[in-house]
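Here is how the chains run, residue by residue.
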Amino acid sequence: MSASTPAGASRGARFNIGQVLDQLRGDFPGVTIPKIRFLEDQGLVKPERTAAGYRKFSADDVARLRYILLMQRDHYLPLKVIGDHLDAIDRGLEPPAIESVVPTVPQVALSSDGLPSPESFRRSSDLRLSRRELLKVADISEELLSQLEQFGLLSARTGTGHFDSDALVVAQTARELADFGFEPRHLRAFKTSADREVGLVQQVVAPLARGRDAAARGRAEDATSEIAALSVRLHATLVKVGLDRG
């Protein structure tokens with residue numbers, strides 16, 4: 001697979017996994033070292049190994065990873081299909097045409113630190129997916145979807161039976177966590193924690209919403225978005241601190 005060589009590096013340059021992560025994170029903020037290792041485990045990228053066992057990625061390897069991440073993010077293709085594309089490219093063929101499944105899902109608005117911004121809590125999406133479409137786009141099984149519903153992690157909209165973009169994000173995230181051995185029953189703890197945070201935010205904002213002037217509702221909604229974004233930032237930082245100390 002052809003690729004442009006990173007600035008300051010020769011065509012034959014080799015990169016360790018941390019350097020590869022730095023090259024990819026500008027376009028794919030959510031990519032992690034475990035994700036790259038998982039893609040290697042799936043046989044989608046095959047970096048060289050030093051005598052000591054360290055991975056060394058070529059520019060073509062980086063381009064291959066970029067293609068995989070792009071197909072997942074923008075086209076929601078399952079890894080098996082992406083693997084077929086890469087196989088065709090490796091044999092000098094054009095990859096199969098990408099079939100449009102559903103309208104593009106709006107991305108979560110991020111702040112400079114990579115965490116959801118207040119704007120992401122104000123946004124609403126008109127995306128509506130049938131059960132079959134959700135299974136295909138999220139690349140999950142009916143069994144996994146049923147378990148996510150059973151543990152209250154996602155649900156179809158009342159009255160329509162369709163799933164929105166939030167349900168899609170939950171389904172995709174659950175699928176990725178499953179790669180690390182997480183089952184839906186393990187994710188129930190995340191839902192319980194989120195419910196507690198929602199209750200706290202609602203308790204703080206309630207007095208604003210009860211204001212008698214016309215702007216009261218707007219102020220309450222703005223406060224909710226700001227507090228929600230701050231709570232996510234605090235939660236993520238506390239998890240990081242806990243892992244660092246562990």
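Residues numbered from 1 in each chain as written. Predicted model: local features only at pLDDT ≥ 70, side-chain atom pairs only at ≥ 80, totals over all residues. Heavy atoms only, no water.

Let us look at the overall build of the chain. If you tally the helices and strands in the chain, you get 10 helices and two strands. Starting at the N terminus and walking to the C terminus, you meet the elements of the chain as α-α-β-β-α-α-α-α-α-α-α-α. A sequence separation of at least 24 residues applies to 57% of the contacts in the chain between residues at least 6 apart. Carbon and sulfur atoms make up 53% of the accessible area of the chain, which amounts to about 15,200 Å² in all. (Helix = DSSP H or I, 4+ residues; strand = E, 2+ residues; numbered from the N terminus. Contact = heavy atoms within 4.5 Å. Areas by Shrake-Rupley, 256 points an atom, 1.4 Å probe, with all protein chains shown as cover.)

What follows deals with the side chain of R55. With respect to the secondary-structure elements, R55 resides in strand β2 (residues 55-56). One polar contact links R55 to E40, side chain to side chain, over a distance of 2.4 Å. In this view, R55 contacts F15, N16, I17, R37, E40, P47, E48 and R49; residues no more than four positions away in its chain are not counted. (Polar contact = N/O pair within 3.5 Å; in protein donor to acceptor, adjacent residues only side chain to side chain.)

All right, on to the nonpolar core then. In this structure, V20, L24, I36, L39 and L65 are the most contacted members of the largest nonpolar core, which totals 24 residues. Among the secondary structure elements, those contributing two or more residues to this core are α1 (17-25), α2 (33-41), α3 (59-75) and α4 (79-90). Here the element with the most residues in this core is α3; it accounts for six residues. In this view, L65 contacts V20, L24, I36, L39, V45 and F57; residues no more than four positions away in its chain are not counted. If you look at the next biggest cluster of nonpolar residues, it comprises 19 residues, including Y76, L144, L145 and A167. (Core = buried A, V, L, I, M, F, W, Y, C linked by side-chain atoms within 4.5 Å. Buried < 20%, exposed > 50% of the residue type's maximum accessible area, 1.4 Å probe, protein only.)

For the rest of this paragraph, the subject is helix α9 (residues 184-209). With 26 residues, α9 extends 35 Å between its outermost C-alpha atoms, agreeing within 8% with the 38 Å of an ideal straight helix rising 1.5 Å per residue. At Q203, α9 shows its largest bend, some 30°, and a proline, P207, comes one to four positions later. Buried residues of α9: P184, L187, S193, V201 and V205, and no others. Buried positions along α9 lie against α7 (142-150), α8 (165-178) and α10 (216-245). (Expected span 1.5 Å × (residues − 1). Bend = angle between axes of the 7 residues up to and from the residue.)

As a packed pair, α9 and α10 sit with axes 9 Å apart at the nearest point and diverge in direction by 150°. The orientation of α9 relative to α10 falls into the category roughly antiparallel. Once α9 is placed against α10, the crossing between them reads as right-handed. Here S193, E197, V201, V204, V205, L208 and A209 of α9 come into contact with α10, specifically with A216, R219, A220, A223, T224, I227, S231 and H235. Residues belonging to the contact of α9 with α10 are distributed by class as follows: nine nonpolar, four polar and two charged. (Axes fitted to C-alpha atoms, helices over the stretch in contact; angles between N-to-C directions. Parallel < 35°, antiparallel > 145°, perpendicular 65-115°, else oblique. Left-handed = near helix turned anticlockwise from the far one by under 90°. Nonpolar A, V, L, I, M, F, W, Y, C, P; charged D, E, K, R; others polar.)

Tallying each qualifying case throughout the model produces 16 salt bridges. R91 is paired through a salt bridge with D87; the nearest N and O atoms lie 3.0 Å apart. By relative accessible area, D87 is classed as partly exposed at 38%. In this structure, the salt-bridge partner of D244 is K240, at a minimum N-O distance of 3.0 Å. One end of the pair, D244, and the other, K240, are both in helix α10, four residues apart, so they sit about a helical turn from each other. Note on accessibility: D244 and K240 belong to one class, exposed. Bridged by salt links that share partners, the residues E40, R49 and R55 form one connected network. (Salt bridge = Lys/Arg side-chain N within 4 Å of Asp/Glu carboxyl O.)

In the Ramachandran plot, D139 falls in the positive-phi region, its phi being about 60° despite a non-glycine side chain. Its location among the elements puts D139 in the loop between α6 (131-138) and α7.

The contact between α1 and α3 brings their axes to 11 Å, and the two run at 45°. As the angle between them shows, α1 and α3 are arranged oblique. Considering the relative orientation of α1 and α3, their crossing is right-handed. The segment α1 lies against α3, with V20, Q23 and L24 engaging V62, L65, R66 and L69. Taken together, the residues that form the contact of α1 with α3 break down as five nonpolar, one polar and one charged.

Below, the discussion takes up the confidence of the model for the chain. In the predicted model, the chain carries a mean pLDDT of 84, and 86% of its residues have values of at least 70. α7 holds the highest mean pLDDT among the elements of the chain, 95, whereas helix α5 (residues 118-122) holds the lowest, 71. (pLDDT = per-residue confidence, 0-100.)

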